[in-house]
Amino acid sequence: LGEIGGRWRFLYEGNRPADLDLLPVPAWDLLHRDVDDNPVLEWYIGVPIWGLEANNSSATSFRMTRSMNTVATWGCPYACKFCHRGATGSRLYDLRSPEKLVEEALWLKREYRINFLGFVDDNFAVNTKHIAALPEAFAPLDGLRWGTHTRLDEAADERIFDMAAAGCVYIGFGAESASARVLEAMGKGGFILRPKGSQTNQLVRINGFDFPFTMVKGIENSRAASIHANCTWIMAYPGETLENLKTTVAFILWQVEKAVTSLIPGTPEYEMAKASVNRRLFVATAYPGTEMFHAPKVQQLLRSNFGLSFDALGEPVADERLRDYIIELDDATKVMHDRSGRPLNFGEMPDEQFLEARECVESGQIEKILDM
C-alpha cells in the first residue's frame, strides 16, 4: 500500500474464513513420528493439557492420561489491555457449529483413544445460544470429558450448567485480579464488575475484602456444576498497589477454603483439593501490539530498563535492544530483569516490596503477602 506514517504498509490476501465449519481438522498424522522415528505425537498425547503436571499455571482435581486439543471459536469480543487479541482474530468473534465439534471429537476419540479434549479457546462461552445447544449436540461423545477457557462473569449464569451437562469438567478462568481498581485498569471491568443491567460495581465482602460478585458467583456455580475452576492471575499490573494485590491473594485463599470445605485436614483428599487451586501468579508483561505496551509508564520503564526507543506512533524501533527485550519474553511467570539486574516492575509497589511479594509466590506461601 506504500508508505504510511513513515512505515511500509502491506495488505495480505485472505481473512477469516467465512464459514469456520469448512476448515479441515489439523493434520495430526504429520506428527506421528519425527525424522529420528521418535513417537512425538504419543509423547504429546501423554502430557496433560492442564494440571500440575502440565506446568502451565493450571491445576486440576483429576488426572487425564490421553489428551488432545482443538479450537471451537475465533476472536474475542472483549478488549483486555494486556492481550494481543489481533493474534487470535481480534474482535471478529465467530464459532464452529456444535455438530462439527462433535465430529472432530469423535474422530480424535476413535483415532487416538483420548479421554480428555481441551478447547483451548480464549473465550468459549460468549454465545449463550451456542452453549445451550451443547448438551444435546454432545450426547454422542458418550461422556468424553472436556475443558476450555471463558470468563467468570459468564460462569455466573446458567451457561456453566449447560456446559457441565455436555461433559465439561474443567474451565480455565483468566481472572487476573480480584481488585476492582486493577480490573478497571486492565480493561476487564465491564460485566465483571457491573453485570448486565447494573450501573454500579457489584461487590461482595468476604473475609474483610471486597470481591466482584460475578467472580464469587462464577466459582460457586462451578462447584455446584462439578466443574473444576482454575483461575490464573497477574500481579504488578500498572496501577496495582500492595493492597490491591492482597485482595487477589485473599480471593485465592477463599477458593482454597471452598475447595477443602467438609474435608479432613491431612487426608489425601484434603491435600489434593488444596493443591487443585492455582496459587501462582503471572507477572504483568508488556507484549508489543497490546494496549498495555503503549501505556506511558510502561514505555518509560522499557526505555530506562531496556533502552527501547519508540517512534512518533508509539511503536518500538526494531533494533538490537528490542530484540533483547523480546528474547526475555519467554515466560510470563518470571520477573524480567535488564542487563544491570534491575527488575521490570510495572506496578505501584516499590521494587523491594514487589520482589518480596514475588518470593512469597515462588515459595508457595502467598498467605504471607497478607502480612506485608
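Residues numbered from 1 in each chain as written. Predicted model: local features only at pLDDT ≥ 70, side-chain atom pairs only at ≥ 80, totals over all residues. Heavy atoms only, no water.

**Q** Explain the layout of surface pockets to me, please; I cannot follow it from the model alone.
**A** If a probe the size of a water molecule is rolled over the atoms, the empty space left behind becomes visible. A volume near 1,000 Å³ is recorded for the largest pocket. Lining the largest pocket we find 37 residues, and of these Phe82, Asp122, Gly174, Glu176 and Thr232 sit closest to its centre. Looking at the lining of the largest pocket, the elements that each hand over two or more residues are strand 7 (145–150), strand 8 (168–176), strand 11 (228–235) and strand 12 (282–283). Counting residues per element, the lining of the largest pocket draws most heavily on strand 8, at five residues. A class-by-class count of the residues in the lining of the largest pocket yields 18 nonpolar, 13 polar and six charged. (1 Å grid on protein atoms, 1.4 Å probe; cavity = no way out; pocket = protein on both sides within 12 Å on 5 of 7 lines; lining within 4 Å. Points joined across faces, edges and corners; volume = space filled by probe spheres on them. Helix = DSSP H or I, 4+ residues; strand = E, 2+ residues; numbered from the N terminus. Nonpolar A, V, L, I, M, F, W, Y, C, P; charged D, E, K, R; others polar.)

**Q** Help me understand the environment of Pro77 in this model?
**A** Residue position: Pro77 is located in the loop between strand 4 (73–74) and strand 5 (94–95). In sequence terms Pro77 and Pro135 are 58 residues apart; their C-alpha atoms lie 24 Å from each other.

**Q** Hey, could you run me through the packing of aromatic side chains in this one?
**A** By convention here, two paired aromatic rings are described through the distance between centres and the angle between planes. Tallying each qualifying case throughout the model produces 17 aromatic pairs. Ring geometry for Phe124 versus Trp146: centroids 5.4 Å apart, planes at 45°, classification tilted. Note that Phe124 is positioned in the loop between strand 6 (116–119) and helix 3 (128–132) and Trp146 in strand 7, a separation of 22 residues in sequence. Each member of the pair, Phe124 together with Trp146, is buried. (Phe/Tyr/Trp six-rings, centres within 6.5 Å; stacked < 30°, edge-to-face > 60°. Buried < 20%, exposed > 50% of the residue type's maximum accessible area, 1.4 Å probe, protein only.)

**Q** Just checking my understanding: could you explain unusual backbone geometry for this structure?
**A** Only a minority of non-glycine residues have a phi that is not negative, and only a minority of peptide bonds are not trans. Its identity is not glycine, yet Ala236 carries a phi of approximately 65°, on the positive side. A relative accessible area of 1% places Ala236 in the buried class. In this structure, Ser262 takes a positive phi of about 75° despite not being glycine. Relative to the assigned elements, Ser262 resides in the loop between helix 9 (242–260) and helix 10 (268–275). According to the relative accessible area criterion, Ser262 is exposed, its value standing at 74%.

**Q** Just to check I follow, could you spell out helix 11 (residues 296–306) for this structure?
**A** Every α-helix winds through 3.6 residues per turn, so residues three or four apart in the chain are directed the same way. All of the buried residues along helix 11 are Val298, Gln299, Leu301, Leu302, Asn305 and Phe306. Viewed end-on, helix 11 has its buried residues packed into an arc of 160°, placing them on one side of the element. For helix 11, the exposed residues set more than 90 degrees away from the buried face come down to Pro296 and Gln300. Residues of helix 11 that are buried in the fold lie against helix 12 (320–328). (Arc of directions from axis to C-beta. Contact = heavy atoms within 4.5 Å.)

**Q** Help me understand a nonpolar patch on the surface in this model?
**A** On the surface, a nonpolar cluster with roughly 370 Å² of combined accessible area is contributed by Leu1, Ile4 and Leu11. You can see Leu11 is positioned in the loop between strand 2 (7–9) and helix 1 (40–46). (Patch = residues over 30% accessible without salt bridge, like charges linked within 9 Å, V, L, I, M, F, W, Y side chains within 5 Å. Areas by Shrake-Rupley, 256 points an atom, 1.4 Å probe, with all protein chains shown as cover. Salt bridge = Lys/Arg side-chain N within 4 Å of Asp/Glu carboxyl O.)

**Q** So what exactly am I meant to see when it comes to the pairing of strand 8 here?
**A** Where a strand is regular, its side chains alternate between the two sheet faces. Counting buried residues along strand 8, eight of its nine residues qualify, which places the element largely inside the surrounding structure. Sheet topology places strand 7 next to strand 8; five bridges connect them, and they run parallel. Each residue of the ladder has a partner; that of Gly147, found in strand 8, is Tyr170. Inspection of the sheet shows strand 8 paired to strand 11 by five bridges, in the parallel sense. Note that in strand 11 the partner of Phe173 across the bridge is Cys231. (Pairing = 2+ DSSP bridges.)

**Q** I'm lost on the sheet that holds strand 7 in this one. Help?
**A** As a general point, the strands of a sheet are linked pairwise by backbone hydrogen bonds and lie either parallel or antiparallel. Pairing is parallel across the open sheet formed by six strands, whose spatial order is 3-6-7-8-11-12. Bordering the open sheet on either side are strand 3 (67–70) and strand 12, each of which pairs with just one other strand. Set on the sheet, helix 8 (residues 213–224) makes contact with strand 8 and strand 11; between it and strand 11 the angle comes to about 150°. (Axes fitted to C-alpha atoms, helices over the stretch in contact; angles between N-to-C directions.)

**Q** Teacher, can you tell me more about empty space enclosed by the protein here?
**A** Inspection of the entire model under this criterion finds one cavity of 30 Å³ or more. Approximately 40 Å³ is the volume found for the largest cavity. The wall of the largest cavity is formed by Arg151, Leu152, Gly174, Ala175, Leu183, Lys188, Ile192 and Met215. A breakdown of the residues in the lining of the largest cavity according to their chemical character gives five nonpolar, one polar and two charged.

**Q** Any chance you could explain the packing of helix 8 against helix 9 here in plain terms?
**A** What describes two packed helices is the angle between their axes and the distance between those same axes. For the pair helix 8 and helix 9, interaxial distance at closest approach is 12 Å and the crossing angle is 25°. Considering their axes alone, helix 8 and helix 9 lie roughly parallel with respect to each other. The two elements helix 8 and helix 9 cross, and the hand of that crossing is right-handed. Touching Met215, Val216, Ile219, Glu220 and Arg223 of helix 8 are Phe251, Trp254, Gln255, Lys258 and Ala259, all from helix 9. (Parallel < 35°, antiparallel > 145°, perpendicular 65-115°, else oblique. Left-handed = near helix turned anticlockwise from the far one by under 90°.)

**Q** Where do I start with helix 13 (residues 351–362) in this structure?
**A** For helix 13, built from 12 residues, the straight-helix expectation of 16 Å at 1.5 Å per residue is met to within 8% by its first-to-last C-alpha distance of 16 Å. On its buried side, helix 13 packs onto strand 11, helix 9 and strand 12. A positive phi of about 75° marks Gly364, the residue just after helix 13. (Expected span 1.5 Å × (residues − 1).)

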